Amino acid sequence: MLMSWIQQKPSSGTPEATWRDVTTAINQVLGKPPGTTPSPIQPDALLGADLGLSSLAVARLAGLLQKRFNGKPLPFHTLFVDASGSMLHDISVSALVAFLNRHLQRDKP
Amino acid sequence: MKDDSALEPFRLSLGFGSLPGHTVKGIVRNPWSLPTFADDGLHGWCCQCVDEFRHNAWDRIAAPYILLEPEWKVWCHLPNAAARRRWMRGRVAAKDAVRLLLLDRYGFVAPLESIGILPGEGGQPRVTCTALPQTKNQISVSISHCGNSSVALAAERSEFCRNVGIDVASLTDNHDGLAEGGFVSAETALLDACPDGERPGWLLRLWCAKEAVGKALGVGLAGNPLNHIVRQVDLTQGNVEIEAHVPGAPTTSSSSNTCVTAHVGHDRGMAFAVAKQG
């Protein structure tokens, strides 16, 4: 099921499509397969504190999203650094979606 | 650790039978010897705690008896019941690991309530033992969680071991995406000699090694698993050499990177790694 989601045609890159890709990946990492009714994920939910993702799960999430976007390397590590260069211990789902939209938009021809 | 008679007093103090709500078993506690020794001289004491029964009411009743007041204050402010259960289970594992150390090294059966495990600098747990004040700052402890299980490793500080780190991960969980999200291709290529069936388990051990080294150095993964790069893997001995980047150190200087060897293995359905900061 997971592989079929990853192998579907690439995301259209719209904010809505990216949101769907991110929430699908989060549910996969949380062990909720596609087709089941996942718990609703709020945009301001924090990956660690609210959704309970460990660092291993966050790494998996990054890997799944990277595969979803055709293996394109994405600078996920920059997500955990704020504008002043300080380390962030947690990020929200909406921050992850915005990050992906930014980078996918930037690479559009 | 291998002399069962020496553990007898410790066993007697195991279990929460005397706590209110004693008819409900909350957490099963077991010493775990496999991750306590490594080729590089690491000698630690390790315990695993497993949830036998999830019951938030039991947690609320038991917490004041398991946690010291400062710990209890931290526990109360955790965001949800799952986080509180995990945190308390980790404290129990850490307190038991410290109690095993104190029994082995000092012949002292420490009551659970005499051991404090509080967040310290850089998130590393800080150990206090009111019954043995001479051990202040002398014990390093590290905690890891995996599913409904928590483990903790305790070790005495010395000039050869300033801090320890432990990490565990379930061998049965799905870890798809980890190779792409947690490693660069040069790291996964180190497993080319590994039989296909063993590769996923080894990948997980390499991940645990990164985490354990980050904990031992007090820097974690600093938001980027590629801060710590696997340089060598000894599949036979179970040793993994990690080049770790220490944030805050000047990046242009070679001193910002340090090499640490983690000892890895698997047991009880989990991959594990332990490391020390020498």
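Worth saying up front: this structure is predicted, and the values here are computed from it rather than measured. (Residues numbered from 1 in each chain as written. Chains lettered and ligands numbered in written order. Predicted model: local features only at pLDDT ≥ 70, side-chain atom pairs only at ≥ 80, totals over all residues. Heavy atoms only, no water.)

**With respect to the environment of Leu100(A)**
Residues and elements named next belong to chain A.
No. 1: Within the element layout of this structure, Leu 100 appears in helix α4 (residues 93-106).
No. 2: Spatially, the C-alpha atoms of Leu 100 and Val 58 are 15 Å apart, while their sequence positions differ by 42 residues.
No. 3: In this view, Leu 100 contacts Thr 18, Val 22, Leu 65, Phe 69, Leu 74 and Phe 76; residues no more than four positions away in its chain are not counted. (Helix = DSSP H or I, 4+ residues; strand = E, 2+ residues; numbered from the N terminus. Contact = heavy atoms within 4.5 Å.)

**So, the interface of chain A and chain B**
Many authors give the size of an interface as the accessible area that is lost as the parts come together.
No. 1: Tallying the contact residues gives 16 residues for chain A and 18 residues for chain B.
No. 2: Both sides of the chain A and chain B interface together cover about 1,300 Å² of buried area, and 58% of this is carbon and sulfur.
No. 3: Where Glu180(B) meets Lys67(A), a salt bridge forms, and the shortest distance between an N and an O atom there is 3.8 Å.
No. 4: In this structure, the connection of chain A to chain B is made through 4 residue pairs in polar contact (both at pLDDT 80 or more).
No. 5: Those elements giving two or more residues to the side of chain A that touches chain B turn out to be α1 (2-7) and α3 (55-68) of chain A.
No. 6: The leading source of residues in the side of chain A that touches chain B is α3(A), at 9 residues.
No. 7: By residue class, the composition of the side of chain A that touches chain B is 10 nonpolar, 4 polar and 2 charged. (Buried area = accessible area lost by both parts, 1.4 Å probe. Salt bridge = Lys/Arg side-chain N within 4 Å of Asp/Glu carboxyl O. Polar contact = N/O pair within 3.5 Å; in protein donor to acceptor, adjacent residues only side chain to side chain. Nonpolar A, V, L, I, M, F, W, Y, C, P; charged D, E, K, R; others polar.)

**Notes on the pattern of salt bridges**
Oppositely charged side chains can form a pair if their charged atoms are brought close together.
All names here are of chain B.
No. 1: In total, this model carries 14 salt bridges over all chains according to the counting rule given.
No. 2: Measuring nitrogen to oxygen at the nearest pair gives 3.0 Å for the salt bridge that ties Asp 96 to Arg 99. In this pair, Asp 96 and Arg 99 both sit in helix α4 (residues 81-106), 3 residues apart, roughly one turn of the helix.
No. 3: You can call Asp 96 buried: its relative accessible area is 0%.
No. 4: Arg 231 is the partner of Glu 243 in a salt bridge, and the nearest nitrogen-oxygen pair spans 2.7 Å. With Glu 243 in strand β9 (residues 239-245) and Arg 231 in strand β8 (residues 228-234), this residue pair connects regions lying 12 residues apart in the sequence.
No. 5: Assessed through its relative accessible area of 43%, Arg 231 is described here as partly exposed.
No. 6: Among the ionic contacts, a cluster of salt bridges with common partners joins Asp 51, Asp 59, Arg 85 and Arg 89. (Buried < 20%, exposed > 50% of the residue type's maximum accessible area, 1.4 Å probe, protein only.)

**Let's talk about the packing of aromatic side chains**
No. 1: Tallied over the full model, the rule gives 3 aromatic pairs over all chains.
No. 2: Here Phe76(A) and Phe99(A) contribute two aromatic rings whose centre-to-centre distance is 5.4 Å and whose plane-to-plane angle is 40°, an arrangement assigned as tilted. Placement of the pair is Phe76(A) in the loop between α3 and α4 and Phe99(A) in helix α4, with a sequence separation of 23 residues.
No. 3: By relative accessible area, which is 12% here, Phe76(A) ends up buried.
No. 4: What makes Phe99(A) buried here is its relative accessible area of 1%.
No. 5: Here Arg205(B) stacks its cationic end above the ring of Trp202(B), 4.5 Å away from the centre of that ring. (Phe/Tyr/Trp six-rings, centres within 6.5 Å; stacked < 30°, edge-to-face > 60°. Lys NZ or Arg CZ within 6 Å of the ring centre and 35° of its normal.)

**With respect to the packing of helix α2 (residues 56-66) of chain B against α4(B)**
All names here are of chain B.
No. 1: Two numbers describe how α2 lies on α4: the axes approach to 11 Å, and their chain directions differ by 40°. Regarding the angle of α2 to α4, the classification is oblique. Judged by the sense of rotation from one axis to the other, the crossing of α2 with α4 is left-handed. Of the residues in α4, those in contact with Asn 56, Trp 58, Asp 59, Ala 63 and Ile 66 of α2 are Ala 81, Arg 85, Met 88, Val 92 and Lys 95.
No. 2: The residue makeup of the contact of α2 with α4, split by class, is 6 nonpolar, 1 polar and 3 charged. (Axes fitted to C-alpha atoms, helices over the stretch in contact; angles between N-to-C directions. Parallel < 35°, antiparallel > 145°, perpendicular 65-115°, else oblique. Left-handed = near helix turned anticlockwise from the far one by under 90°.)

**Considerations on the layout of surface pockets**
All names here are of chain B.
No. 1: In this structure, the second largest pocket occupies an estimated 340 Å³ of space.
No. 2: Counting residues per element, the ones that place at least two in the lining of the second largest pocket are α5 (178-182), α6 (185-188) and α7 (199-217).
No. 3: By residue number, the principal contributor to the lining of the second largest pocket is α7, which donates 5 residues.
No. 4: Its residues assigned to classes, the lining of the second largest pocket comprises 9 nonpolar, 5 polar and 5 charged. (1 Å grid on protein atoms, 1.4 Å probe; cavity = no way out; pocket = protein on both sides within 12 Å on 5 of 7 lines; lining within 4 Å. Points joined across faces, edges and corners; volume = space filled by probe spheres on them.)

**Description of the nonpolar core**
Residues and elements named next belong to chain B.
No. 1: Counting residues in hydrophobic clusters, the biggest one holds 33 residues, and the most contacted among them are Ile 66, Val 98, Leu 102, Ile 117 and Val 141.
No. 2: Broken down by secondary-structure element, the contributors of at least two residues to this core are β2 (45-51), α2, α4, β3 (115-119), β4 (125-129), β5 (139-146) and β6 (149-156).
No. 3: In this view, Val 98 contacts Ile 115, Ile 117, Val 127, Ile 139, Val 141 and Ala 154; residues no more than four positions away in its chain are not counted.
No. 4: Listed in part, the 29 residues of the second largest apolar core include Phe 183, Cys 194, Leu 217 and Ile 242. (Core = buried A, V, L, I, M, F, W, Y, C linked by side-chain atoms within 4.5 Å.)

**Section: the confidence of the model for chain A**
No. 1: For chain A, the average pLDDT comes to 82, and 79% of its residues sit at 70 or higher.
No. 2: Of all secondary-structure elements in chain A, the lowest mean pLDDT belongs to α1(A), at 58, while α3(A) reaches the highest, 93. (pLDDT = per-residue confidence, 0-100.)

**Examining the side chain of Glu71(B)**
Residues and elements named next belong to chain B.
No. 1: With respect to the helices, strands and loops of the structure, Glu 71 is situated in helix α3 (residues 69-76).
No. 2: Given a relative accessible area of 0%, Glu 71 falls into the buried group.
No. 3: In this structure the side chain of Glu 71 is engaged in a polar contact, spanning 2.8 Å, whose partner is the side chain of Lys 95.

**A word on the side chain of Asp167(B)**
All names here are of chain B.
No. 1: Relative to the helices and strands, Asp 167 is located in strand β7 (residues 163-170).
No. 2: Of the residues examined, Asp 167 reaches a relative accessible area of 7% and is grouped as buried.
No. 3: At a separation of 3.4 Å, a polar atom in the side chain of Asp 167 contacts the side chain of Lys 215.
No. 4: Ignoring sequence-local partners within four residues, the contact set of Asp 167 consists of Ser 144, Trp 207, Cys 208, Glu 211, Ala 212, Lys 215, Ala 271, Phe 272 and Ala 273.

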